[in-house]
Each structure stands twice: as structure tokens, then as C-alpha cells.
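Here is how the chains run, residue by residue.
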Amino acid sequence: MFGEGILKGLAETARNFFGSYVSKDRLTTVQFPEQRLPQIEAARNFPFLVYDGEDWQQGMRCVSCFICEKECPPKCIFIEKSTDKKPDAVGKPQFYPKVFNIDVSVCMSCQICVEVCPFDAIKMDVAFEHSTNNRFAGLLWDKKELAKPNEYYRQIHPIEAAAVDAALAEERAKVAAKAKAAADAKAAAIAAAAASTSVEVATEK
Amino acid sequence: MTLSMFQAIDQIDQIFVTSQHRLVSDLPAEFQSISSAILSVIAIVLVFALLFAITTVLERKGLGRMQNRYGPNRVGPCGFFQPLADGVKSLTKEDLVPRTADQLVHFLAPVLLVMAAFLAYAVLPVGRNMVLVNLNAGVLYFFAVGSLVELAVFMAGWSSRNKYSLLGAMRAIAQMISYEVPLVLASIVVIMAAGSLSTVSIVDMQASYTGIWPHWFVFTPWGFAGFALFMIAATAESNRSPFDLPEGESEIIAGYYIEYSGFKFALFFLGEYLGMFATSAMAITLFLGGWAAPFSFLTWIPSYLWFFAKLVLLILIFIWIRGTLPRLRMDQLMSFAWQFMLPMTLLNLFVAGVWHFMPAGIVRWLVCIALLVAPAILLSRSLKQGKKFAVRHYRFAE
């Protein structure tokens, strides 16, 4: 009919207009700063450095192998290696980063650093409110700003963190077993040496 | 009702008129008329600028609700101070002028647009005895001033020295001129019936009652058709959705005012809305009885309140339509203007003549309705038949 479509459309918008005052289900907008939706597991923004335990310097997993620095496409990572060594996540003595900087104004959140890290030391964060009033200083994050505990990682990416934790635990067990075997072998060698010397002493007599 | 009550009602109705007289009566005689005119101009500028602010927030909230959103709800109670924030924002923004632009014309275009929009209010009676000038060619003056807007639009498009703004201006001009024809023709029926071009006498003629029913022109077949045609043409004339192709905010950003920023951009918005209010107010004056109450027992409510109630109602309908209809294509717009609107307005003139010369009664009603409805349906059918709906094949894009 003449003008029927227009009337149908007008009825539809009127229904939406009044319906939005009656039923709250229609208004799906989340009033952001006050209301927040839970972060989804796959969300990612900028990288951070994971540390185990309480002390962020002792527990840092990074061994300053420079792989992430070399792989980073926009070259936003800067690492300086230490001269001394400290035990890493699985207990082996390793170098650690004296300086670890990420320029987040350059970072493009590609996650390549996370993919290439063989030590599970760098992971993607989900925090996104990083506005600063300084154009340069506020966006260059150093080692201290980047360090976040493993508990935080478990909280933001639970499934991924569980897999990493399991792998690390296995690795730690292996290292511990190896160390134990080495210690046993050493003890046995010492015992054997002691026995042989006593035999030698005996034969000399 | 006693006489004193009538007097009290009359005093409230005329409160602005008498207070204006009292304010200027102390001045020397030679300054009285000019200062009373200045007072009226200040009142018009303030009231309609305020109405513009209220309309922007109502429109944004209304459109939001129609799309199941909240709309602005941050500034002030329920977001009603949003226009203040917008005003501060547009005032503090950088005013960019293209280096190759015609500086003077680029500056003058928004000023002329707003000025032309305000000039139209001079002849609009917003209440009983509340009109700035009672010109005996008021309607003619209104349309003459309204066509200044086209000049301002083309000045904006031309002076920006930008091909997009020039093309946008050309589209806008084509649309405005095309729809000015049916706009004027639709209002001629009222001039025929009233026998006057003065807006004040047109309203006076409608401000009487038979029983409780008013003598508005919209309650006649030709008046109703004329009102509908006038409102469609007014929508196109003020570049409102669904005829908002000159602006086309979702595809061509801003058309002729693409090179404007800051407060000049806000002035274009102001001019556009003022034009919409002015044409709506003209529709009220011509067809909806101006400041007259819709029923005889409601005449105790002051006349200016009735005028603004009708104006706000028309604005809400504009917002409702904007939230509903998608934008027309340029060819649809043009063919609608010349192939449907123009024949219908001409036919409406004829029907108004038939109405005038037939004796009053039910037969006159039936004849006039039949004379309007049958051609409208036949015309829209025949226009539809010319169009074939088929899958389009693009030569190079496949």
C-alpha cells in the first residue's frame, strides 16, 4: 500500500524508543569507566616480564638471551646483559638483564617476543589504560615497570599460565633429578675412591 | 467565568507584549520604536538559540533510544548540559581556513546562513500580538529570505576551493531549489483561502471555533494535503534526513562545509536547525493555526505556549523520521521532487479552488478527497512501474 513501509518503520523506531525505557535488556551499552566487562583470555596489549617468588629481581625468568630484541619487528626492546650470574627459573645459573627497556610508543603488540622466548620470561599483558601526560618518559618502561609476578600472569591468562607452570615444573624436576644423580655419582665416586685407597693400603701391608 | 478572570488570562497571554511596552515607554519618543524592535530581536535570538541547544540534546537522546543506546548522559542531569560542553568545545577548537580559500567569502558564508535563518523569524507570529513586523507580504518575505540560505551554501562551497565542497554545494543547491518550488506551491493554497499574504491575518483567520473545533486549514482536504506536501518539502529544504544528501554524514562527511571547523562549523549547524525551526513555524502558521489553541476550551493557556508546543511537536516528528528513514539517492530525490511533489502541489491548488466554489457539505469533502487520493495513488503506481528491479552488473568491478 501507499506509504505502508514508512509507517512500519515509524512503528519500529517508536517501539525501540519506548522499549528502551521499559526493558533494560535492550540497552546493551556498558557504561565503561564505571562498569567493565571481564577481560577475555586471548586479550593482549603490551608485553611484561614474569618473575617467580617474592623478589622481582631474584625471580626474574629472563636470562638476557637477546632473542626477543633481535626478533622485535619495530625494535622497541633494549637489553643489556649482566656480568655476573644468578639462578634462573629452573635453578641453573644464568645471566640476567641489567637493563630491559620497552618503548611502548613503538611496540605494536605483535606478540612475536612472546612466541620466540624459550624461557617463558616475557608474556602479553591485558592492561590498556596507559595514557600519560608525558610524551616520552612515561612511555619508556624499564625493567621494574615491566616486572610482574607469575600470580598476575595466572590471573590474566589462566589456561596459558597453567601450561607454562606445568612445563616449568617438569623442567625443574628434571634439573633436580639430574643434580641429584650428579650428586649421587659424585658421592659414589668419592666412596669408591675411598674404598680403593683402603684396598691399596691393605695390599701394601 | 467572571470578567476579572478573563482579564487575568489576557494579562498572562499578553505579558511579554505589555512588559515590552512598559520597558520602552520611559524612553524618548524617537527611540521607542527602534528599542522595542531591538528588544524583540534579542528575544528571538535568545529563544531560538536556546531551542537549538535543547533540540540537539533531544535529538541525540531520541536517536539513541531509537537505536537502543543511551545517547549523551554524562554532562549534567541526564546529559542535558551536553550543548554547553559542545559549545565550549567548538569555541576552543582551531579555526582552520584553507590557504587557497577565498578568505572573505569563506568567513561570510556561515554568517550569512545564520543571518538569513534569523531574518525569517521577523514575520512569524509566536503568540497573539507577538510578531516583530506584520508585513502585508509576510509569506513572500519569508520565502525570499529563505532563498538567501542557498546563496550562503554556495558561498561556502565555492570559497573553500575544494572540489568536494563545490560538488556538495551544487548538490545542495539543486536539492534546495527543486524543493523550494513545491514548498511555495503548497503554501499558496493557504494564501488562496485566506486572501492575504500577511502571516498575522492568516493566523487570525484560523483562531476561531465552531463548537469546540478550530478552523485550522489542516482540517480540510486541501489543507491536509498541503500540510503533508509542505512538511516533505520543508524536510528537503532544511537538509534533514531522509533528504540529507548534501551533508550525508555517513558517506560524504559534510558536503559543502567540509572545509569548516570550530565555531564556523557550529554556525552551519545552528543555521540548519534555525532553518528547520523557521519552516516548521511557517507550517504551523499556515496550516496548524499558529498560536491558536486546538480546542475552544483550551484558549486560557497562553498563545505563545501553544505555538512552542506545536513547534516542539513538529521537531520531535522530524527527529522520529530521522531515526527511521534511510537516505534517498540523488536521482530518487530529484524525481520525487519533479515527478511527484510538483504535480501533487499543482493538483492541490486545483482542489483548493474546487473546495472554494462547491457548496459546503459532505459532498464537497468526498469530491476533494477523491480528487487528491486517486491521483496520488495512480501517480505513485505509474512512477513505480517505470522502474525495473534487477541484479546490477558492473562492467569493471567484477
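These lines cover the structure that appears in this document, whether it is placed above or below. On a predicted model such as this, the values are computed, not experimentally measured, just so you know.

Looking now at the overall build of chain B. Helix and strand counts for chain B stand at 14 helices and two strands. The C-alpha atoms of chain B give 23 Å as radius of gyration, which agrees with the globular expectation for 398 residues (21 Å, within 12%). If you line up chain B on its principal axes, its C-alpha atoms span 80 × 55 × 45 Å. Within chain B, the proportion of its 398 residues that are buried is 47%. Surface accessibility of chain B: about 20,400 Å² in total, with carbon and sulfur atoms responsible for 71%. Treating the 26 positive side-chain charges of chain B as one cloud and the 21 negative ones as another, the clouds have centres 11 Å apart.

Take helix 9 (residues 199–206) of chain B next. All names here are of chain B. Regarding helix 9, the residues found buried are Thr199, Val200, Ile202, Val203 and Gln206. An end-on view of helix 9 places all buried positions within 165 degrees of arc, on one side of the element. Looking at the buried residues of helix 9, the elements they touch are helix 6 (138–146), helix 8 (163–194) and helix 11 (262–287).

Strand order in the open sheet made by the three strands is 2-5-7 (chain A), with antiparallel pairing throughout. Of all strands in the sheet, those with a lone pairing partner are strand 2 (77–81) and strand 7 (140–141) of chain A, marking the two edges.

Residues and elements named next belong to chain B. Of the consecutive residues serine 241 and proline 242, the connecting peptide bond is found in the cis state with omega at 5 degrees. Secondary-structure assignment places proline 242 in the loop between helix 10 (221–237) and helix 11. Non-glycine residue asparagine 239 carries a positive phi angle of around 55 degrees. Note that asparagine 239 resides in the loop between helix 10 and helix 11.

Attention now goes to the interface of chain B and chain A. Contact with chain B, which involves 17 residues of that partner, is made by 17 residues of chain A. Overall, the association of chain B and chain A removes approximately 1,600 Å² of surface from exposure, summing both partners, and the carbon and sulfur fraction of that is 60%. The largest contributions to the chain B side of the interface with chain A come from Arg65(B), Asn68(B) and Tyr70(B), which together make up 41% of the buried area. Our enumeration of links across chain B and chain A arrives at one salt bridge. When the shortest N-O distance is used, the salt bridge between Glu34(A) and Arg74(B) registers 3.1 Å. For the pair chain B and chain A, the number of links is nine residue pairs in polar contact (both at pLDDT 80 or more). Contributing elements (two or more residues each) for the side of chain B that touches chain A: helix 3 (29–66), helix 12 (303–324) and helix 14 (362–385) of chain B. Among the residues making up the side of chain B that touches chain A, the classes are represented as eight nonpolar, six polar and three charged.

Residues and elements named next belong to chain B. The N-to-C vectors of helix 13 (residues 330–357) and helix 14 enclose an angle of 165 degrees; their axes lie 10 Å apart at closest approach. Between helix 13 and helix 14, the angle falls in the class roughly antiparallel. For the element pair helix 13 and helix 14, the recorded crossing hand is right-handed. Here Gln339, Phe340, Pro343, Met344, Leu347, Asn348, Phe350, Val351, Val354 and Trp355 of helix 13 come into contact with helix 14, specifically with Arg364, Trp365, Val367, Cys368, Leu371, Leu372, Pro375, Ala376, Leu379, Ser380 and Leu383. For the contact of helix 13 with helix 14, a count of residues per class yields 17 nonpolar, three polar and one charged.

Take the sheet that holds strand 6 (residues 122–124) of chain A next. Paired through their backbone hydrogen bonds, the strands of a sheet run either parallel or antiparallel. All names here are of chain A. Read across the open sheet, the three strands follow the order 6-1-8; overall the sheet is mixed. Edge positions in the open sheet fall to strand 6 and strand 8 (147–149), since each of these has one partner strand only. Within this sheet the neighbouring strands show an average axis-to-axis angle of 50 degrees, counted without direction.

Take helix 2 (residues 15–25) of chain B next. All names here are of chain B. Residues Val17, Gln20 and Val24 constitute the buried set of helix 2. Buried residues of helix 2 fall within an arc of 65 degrees about the axis and therefore sit on the same side. Turned more than 90 degrees off the buried face of helix 2, the exposed positions are Arg22 and Leu23. Where helix 2 is buried, its residues contact helix 3.

All names here are of chain A. Here aspartate 52 shows up in the loop between strand 1 (47–51) and helix 2 (67–71). Aspartate 52 sits in the buried class, given a relative accessible area of 19%. At 2.9 Å, the side chain of aspartate 52 and the side chain of arginine 61 are in polar contact.

Definitions and cut-offs
- Every residue gets a number counted from 1 within its own chain, in the order that chain's sequence is written.
- Here every chain gets a letter starting at A, and every ligand a number starting at 1, in the order they are written.
- Under the rules for a predicted model, residues below a pLDDT of 70 receive no local features and side-chain atom pairs below 80 are neither given nor counted, while totals for whole chains, interfaces and linings still include all residues.
- As a convention, hydrogens and water are excluded, and side-chain values are obtained from all of the structure's heavy atoms.
- A run of DSSP states H or I qualifies as a helix once it reaches four residues; a run of E qualifies as a strand once it reaches two. Both are numbered from the N-terminal end.
- For the radius of gyration, the atoms used are the C-alpha atoms, and the globule rule reads 2.2 Å times the number of residues raised to 0.38.
- Between buried and exposed lies partly exposed: a residue is buried under 20% and exposed over 50% of the maximum accessible area for its type, with that area taken using a 1.4 Å probe on protein chains only.
- Surface exposure here means Shrake-Rupley accessible area, sampled with a 1.4 Å probe, where a residue is shielded only by the protein chains that are shown.
- Positive: Lys, Arg. Negative: Asp, Glu. His and the chain ends are not part of the count.
- Taken as the charge centre is NZ of Lys, CZ of Arg, CG of Asp or CD of Glu, depending on the residue.
- The arc in question is the one traced by the directions running from the helix axis out to the C-beta atoms.
- Contact definition: two residues touch when any of their heavy atoms are within 4.5 Å.
- A pair of strands counts as paired when DSSP detects no fewer than two bridges linking them.
- Note on terms: buried area is the combined drop in 1.4 Å-probe accessible area of two parts once they are placed together, counting the loss on both.
- The rule for a salt bridge is simple: a side-chain nitrogen of Lys or Arg has to be within 4 Å of a carboxyl oxygen of Asp or Glu.
- Think of a polar contact as two N or O atoms within 3.5 Å of one another; within protein, one of them needs to be a possible hydrogen donor and the other a possible acceptor, and neighboring residues in sequence only count if both atoms come from side chains.
- When residues are sorted by character, Ala, Val, Leu, Ile, Met, Phe, Trp, Tyr, Cys and Pro go into the nonpolar class, Asp, Glu, Lys and Arg into the charged class, and all the rest, Gly among them, into the polar class.
- To define axes, lines are fitted to C-alpha atoms, for helices over the stretch in contact only, and angles between the resulting N-to-C directions are given on a 0 to 180 degree scale.
- An angle counts as roughly parallel when it lies under 35 degrees, as roughly antiparallel when it exceeds 145, as roughly perpendicular when it falls between 65 and 115, and as oblique in every other case.
- By definition, any crossing whose near helix is turned counterclockwise from its far helix by less than a right angle is left-handed, and any crossing with a clockwise turn is right-handed.

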